[in-house]
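Results of the structural survey
Here is what each chain is made of, one letter per residue.
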Amino acid sequence: MTPSGRGTPPPAQHPPSLHELAPGLALARGGPGRTLNIYLLGTVVLDAGVRWSRRRLARQLAGRQLTAHMLTHAHFDHAGCSAWLCYTFDLPLWCGAGDTPAIESGRVDTHGTRWFNRLQRTLLPVTACPVSRALREGDVVAGFEVLEVPGHSPGALAFWRERDRVLVCGDVLANFGLHPRRPRLVLAPAALSSDAEQNQRSARRLAELRPRLACFGHGFAVTDPGRFAAAVDQLGLASS
Ligand SMILES: [Zn+2]
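Note that the structure is a prediction, hence the values are computed from the model and not measured.

Here is what the cut-offs are and how they apply
Residues numbered from 1 in each chain as written. Predicted model: local features only at pLDDT ≥ 70, side-chain atom pairs only at ≥ 80, totals over all residues. Heavy atoms only, no water. Pairing = 2+ DSSP bridges. Helix = DSSP H or I, 4+ residues; strand = E, 2+ residues; numbered from the N terminus. Core = buried A, V, L, I, M, F, W, Y, C linked by side-chain atoms within 4.5 Å. Buried < 20%, exposed > 50% of the residue type's maximum accessible area, 1.4 Å probe, protein only. Contact = heavy atoms within 4.5 Å. Axes fitted to C-alpha atoms, helices over the stretch in contact; angles between N-to-C directions. Parallel < 35°, antiparallel > 145°, perpendicular 65-115°, else oblique. Left-handed = near helix turned anticlockwise from the far one by under 90°. Nonpolar A, V, L, I, M, F, W, Y, C, P; charged D, E, K, R; others polar. 1 Å grid on protein atoms, 1.4 Å probe; cavity = no way out; pocket = protein on both sides within 12 Å on 5 of 7 lines; lining within 4 Å. Points joined across faces, edges and corners; volume = space filled by probe spheres on them. Patch = residues over 30% accessible without salt bridge, like charges linked within 9 Å, V, L, I, M, F, W, Y side chains within 5 Å. Areas by Shrake-Rupley, 256 points an atom, 1.4 Å probe, with all protein chains shown as cover. Salt bridge = Lys/Arg side-chain N within 4 Å of Asp/Glu carboxyl O. Donors = N, O, S within 2.8 Å, 3.2 Å for Na, K, Ca; no water. Tetrahedral: all angles 85-135°; square planar, octahedral: opposite > 155°, others 65-115°.

**A closer look at the sheet that holds strand β11 (residues 166–168)**
On the basis of which strands lie adjacent, the open sheet formed by 5 strands has the order β8-β9-β10-β11-β14 and mixed pairing. Both edges of this open sheet fall to β8 (140–141) and β14 (213–215), since each of them pairs with a single strand only.

Written out as C-alpha cells, the structure reads:
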C-alpha cells in the first residue's frame, strides 16, 4: 500500500459535524466517548486511532478538505489507521523525527514487556507507512508550534498555540476525569513508555505553559489553566 493518490475517499454524503474545540481545532473520535481522540488542526488530521477506527474515521472525515496526516507519537492506538488514512485520502504522513523509524517499519513497540508488544503486533498491528516530513521542535503546523515532548515515545510531539493558549499534548498525560473542571490527570504509564522520567519532565514543561485548553489523546479536554497546572503538580513529579 502506498499513500500516493490511489485511494478512493468515502462519499461525501452528510458528514457528521465534528466537535469544534477552538478556532481551527476540532475533535473527531477514534473510539467510544473520548477514549481515542483524533483531532483536526486546520486541514491536518492528528492521530488515527486503532486499526478498528477505520469506519468511524471514514464517516467523520468524508467530504472534508484534508491536506496531511500527522501523529503525536508512534503507538498502535494513534497510528492504527495511518496507512489507510494516507492511502484513502491521498495524504502525506508527518511525525516526530524520533518516531520516523517506527512508522516506516510498522514496528511501533509500546516499550512495554515483550509479551505485551507481541500481543499488540498480533491483535492491533500497524501497517508501515513512509513518512514525508519529520517534525521537529519549533516547526509550525496549522498555526500550532511543534513541541518535542519525548518520554512516552522517543519522537512524541505536542502542539501549542500561544495566542489563545491551546495545547494538544498527545499521551504525555491523559485525563480520565469525567468533567473538565475536575480533571484526573495521569502520566503515560511507565511500563508503556520509552523513558518515564523524560515523560515526567515533558509533563512539567507542558504545565508551565498554563494552557487555557489542554487536549489529550485519551480523555476530556481541560479548560482551566490553574487546574491543569495543579493537577500536574499533584502527580508529584520528580524534579528535573
Ligand atoms: Zn495512547
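Once the structure has been displayed, the description carries forward.
**Quick word on the nonpolar core**
If you look at the biggest cluster of nonpolar residues, it comprises 21 residues, and the most contacted ones within it are Leu25, Tyr39, Leu41, Met70 and Phe159. Listed by contribution, the elements that provide at least two residues to this core are β2 (25–29), β3 (37–41), β4 (44–46), β5 (68–70), β9 (144–148), β10 (157–161), β11 and β14. What Leu25 contacts, discounting residues up to four positions off in sequence, is His19, Glu20, Tyr39, Leu40, Leu41, Phe144, Val166, Val168, Leu213 and Cys215. Counting residues in hydrophobic clusters, the runner-up holds 20 residues, among them Cys169, Ala203, Ala231 and Val232.

**Observations regarding the packing of helix α5 (residues 196–208) against helix α6 (residues 225–233)**
The geometry of α5 relative to α6 is characterised by a closest axis approach of 9 Å and an angle of 155° between their N-to-C directions. It follows that α5 is roughly antiparallel to α6 by the angle criterion. Considering how the two elements wind past one another, α5 and α6 form a crossing that is left-handed. Where α5 abuts α6, its residues Ala203, Leu206 and Ala207 lie against Phe228, Ala229 and Val232. In terms of residue class, the contact of α5 with α6 is built from 6 nonpolar, no polar and no charged.

**Observations concerning the layout of surface pockets**
Quantified by volume, the largest pocket comes out at close to 300 Å³. Elements represented by at least two residues in the lining of the largest pocket include exactly β12 (173–175) and β13 (185–187). By residue class, the composition of the lining of the largest pocket is 12 nonpolar, 4 polar and 2 charged.

**Re a nonpolar patch on the surface**
A surface patch of nonpolar side chains, about 330 Å² in accessible area, is lined by Trp115, Leu119 and Leu123. Relative to the assigned elements, Leu119 resides in helix α4 (residues 114–123).

**Details of the sheet that holds β2**
Here we have 7 strands laid out as an open sheet, ordered β1-β2-β3-β4-β5-β6-β7, and mixed in their pairing. Each edge of the open sheet is held by one strand with a lone partner, namely β1 (19–22) and β7 (133–135). Strand-to-strand twist across the sheet, computed as the mean angle between neighbouring axes with direction ignored, equals 30°. Here helix α1 (residues 54–61) sits on the sheet and contacts β2, β3 and β4; the angle it forms with β2, its principal contact strand, is near 140°.

**Some thoughts on the coordination of the zinc ion**
Every protein donor of the zinc ion is accounted for by Asp77 (OD), His78 (NE2), Asp171 (OD) and His218 (NE2), and the metal-donor separations fall at 2.0 to 2.2 Å. Coordination at the zinc ion is irregular: its 4 donor atoms span angles of 89 to 156° at the metal. The sequence pattern describing where the donors of the zinc ion fall on their chain is D-H-x92-D-x46-H. Taken as a pair, Asp77 in the loop between β5 and α2 (82–89) and His218 in the loop between β14 and α6 lie far apart in primary sequence, 141 residues in all. Of the two residues, Asp77 and His218, neither departs from the other in class, the shared state being buried.

**Some words on unusual backbone geometry**
Peptide bonds are mostly trans, and most non-glycine residues show a negative phi. Although it is not a glycine, Ala142 sits at a positive phi angle of roughly 50°. Looking at where Ala142 falls in the secondary structure, it is placed in the loop between β8 and β9. Taking the relative accessible area as the measure of exposure, Ala142 reaches 42% and is therefore partly exposed. Positive phi, close to 55°, is recorded for Arg165, a residue that is not glycine. Along the polypeptide, Arg165 turns up in the loop between β10 and β11. Given the relative accessible area of 26%, Arg165 is considered partly exposed.

These figures capture arrangement, not role.
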